[in-house]
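Below are the chains, spelled out letter by letter.
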Amino acid sequence: MPVLNRIASYAEEMKGWRRYLHQHPELAFDCHRTAAWIVERLREIGVDEIHEGIAKTGIVALIKGQGEGPVIGLRADMDALPIEELTGAPHASTEKGKMHACGHDGHVTMLLGAAKYLAETRNFRGTVALIFQPAEEDGGGGQVMVQEGVMDRFGIGQVYGIHNAPNVPFGHFHTTPGPLMASVDTATVKVTGKGGHGATPHECVDPVVAIVGMVQAVQTIIPRNVYAMDEAVISVTMIHTGTANNIIPEDGFFCATIRSFKPDVRALLKKRFHEIVEGHAAAYGVRAEIHYDWGYPATINHEDETEFAAEVAREVSGADAVDARAGREMGSEDFSYMLEARPGAYLFLGTGPGAGLHHPAYDFNDEAAPVGASFFARLVERAQPLT
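The shown structure was predicted, so the numbers you read here are calculated from the model rather than taken from an experiment.

Novice: If you had to explain unusual backbone geometry to someone new, which residues and values would you point to?
Specialist: The backbone of Ala 135 shows a phi angle near 60°, a positive value even though the residue is not glycine. By the secondary structure assignment, Ala 135 is in the loop between strand E4 (127–133) and helix H5 (141–147). Classification of Ala 135 as buried rests on a relative accessible area of 0%. With a phi angle near 70°, Asn 167 is a residue other than glycine that sits in the positive phi range. Structurally, Asn 167 can be placed in the loop between strand E5 (156–166) and strand E6 (173–174).

What follows is the structure, encoded as structure tokens:
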């Protein structure tokens, strides 16, 4: 695999970076120590400008090439997850209940490796904007960075990102033009009835029966209201009610994650969810309060930029290791907001066998960092060549 020789020479240093980050995870927007550590590395690397405090703890660093030219954005997310780590690794998290279970420590390391190479070689024209983003897992840091004007402020013309993919062959890339990852919305429904003794249900208004009816009916939305060729998912993931086996509770609630690719399908799912829950509430004589959180939009790659990124990936990993027409995924990503603001592409990089993302035994494969860094570096050199 033709990892750039100079980046290959950083492998041990990059491993040290990644393992430090893994030991010190931070959540959402509260990535203060992580951001400060990244800034130290950027100063050592010798980037030209560092802009801090974007979306609270986000960073944009600039590296200027040789001569005038456009600005290309490269993004890495840097937040962790509220999971207790079970890897047993020497570099395991030192923060109880927090761990890098999605590989954002690896994403930061890839981008820093590319930055070190690009700052040394400057074999490109124009400027590279290195975007270190908080709160991908929770809070939509990508949206906040866009809302705070990073694309206009730094003149970014196109933007790219990578996510690691465990259990995909090592070094293999996959992506697709158009929708790549789904939108994600979250519904929480509180159902209130009238509690009482389990022996006298006729004196009560039972929220349990109402919740069961609502959950069953919600599952009919996709097979009966969504066109069969339009992928969508509704998964009810929580039902909570009751305190004892002889008490009909006063209230209860359920939650669902709702995912799709098309805006019209997304709107339909919300409409039908409300209609079904409200109709069942009337039928069962309960009160239903719906909190419908309109979350990340679908991650939609741009056609030309996706093909270009795939060409670069083939250069790094070989033609047989790149699938540029891969299937879509029902997971979600707030890189979607950056792709709404600018053309670009998002790709997955295989890291080989291991525990899956968001699993307490997950650990990023350090050997993948030079591959991702090489991709980012060659992307810049190919997009903004000197001649």
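On we go.
Novice: Please give an account of the pattern of salt bridges that cites residues and values.
Specialist: Applying the stated criterion across every chain yields a total of 31 salt bridges. Here Glu 95 ties to Arg 33 by a salt bridge, and the two come within 2.8 Å at their closest N and O atoms. Taken as a pair, Glu 95 in the loop between strand E3 (71–77) and helix H4 (104–121) and Arg 33 in helix H3 (residues 32–45) lie far apart in primary sequence, 62 residues in all. The partly exposed category is assigned to Glu 95, whose relative accessible area is 25%.

Novice: Hey, could you go over the packing of helix H7 (residues 207–218) against helix H9 (residues 263–284) for me, with residue numbers and the actual values?
Specialist: Their axes nearest at 9 Å, the elements H7 and H9 cross at an angle of 150°. Between H7 and H9, the angle falls in the class roughly antiparallel. The two elements H7 and H9 cross, and the hand of that crossing is right-handed. Contacts between H7 and H9 involve Val 209, Ala 210, Gly 213, Met 214, Ala 217 and Val 218 from the first element and Phe 273, Ile 276, Val 277, His 280, Ala 281 and Tyr 284 from the second.

Novice: Describe H4, and please don't skip the residues or the numbers.
Specialist: With 18 residues, H4 extends 26 Å from end C-alpha to end C-alpha; this agrees with the ideal 26 Å at 1.5 Å per step. Of all 18 residues making up H4, 16 are buried, and the element is well covered by its neighbours. Directly after H4, the chain includes Arg 122, whose backbone phi takes a positive value near 50°.

The rules behind each value
- Residues numbered from 1 in each chain as written.
- Predicted model: local features only at pLDDT ≥ 70, side-chain atom pairs only at ≥ 80, totals over all residues.
- Heavy atoms only, no water.
- Helix = DSSP H or I, 4+ residues; strand = E, 2+ residues; numbered from the N terminus.
- Buried < 20%, exposed > 50% of the residue type's maximum accessible area, 1.4 Å probe, protein only.
- Salt bridge = Lys/Arg side-chain N within 4 Å of Asp/Glu carboxyl O.
- Axes fitted to C-alpha atoms, helices over the stretch in contact; angles between N-to-C directions.
- Parallel < 35°, antiparallel > 145°, perpendicular 65-115°, else oblique.
- Left-handed = near helix turned anticlockwise from the far one by under 90°.
- Contact = heavy atoms within 4.5 Å.
- Expected span 1.5 Å × (residues − 1).

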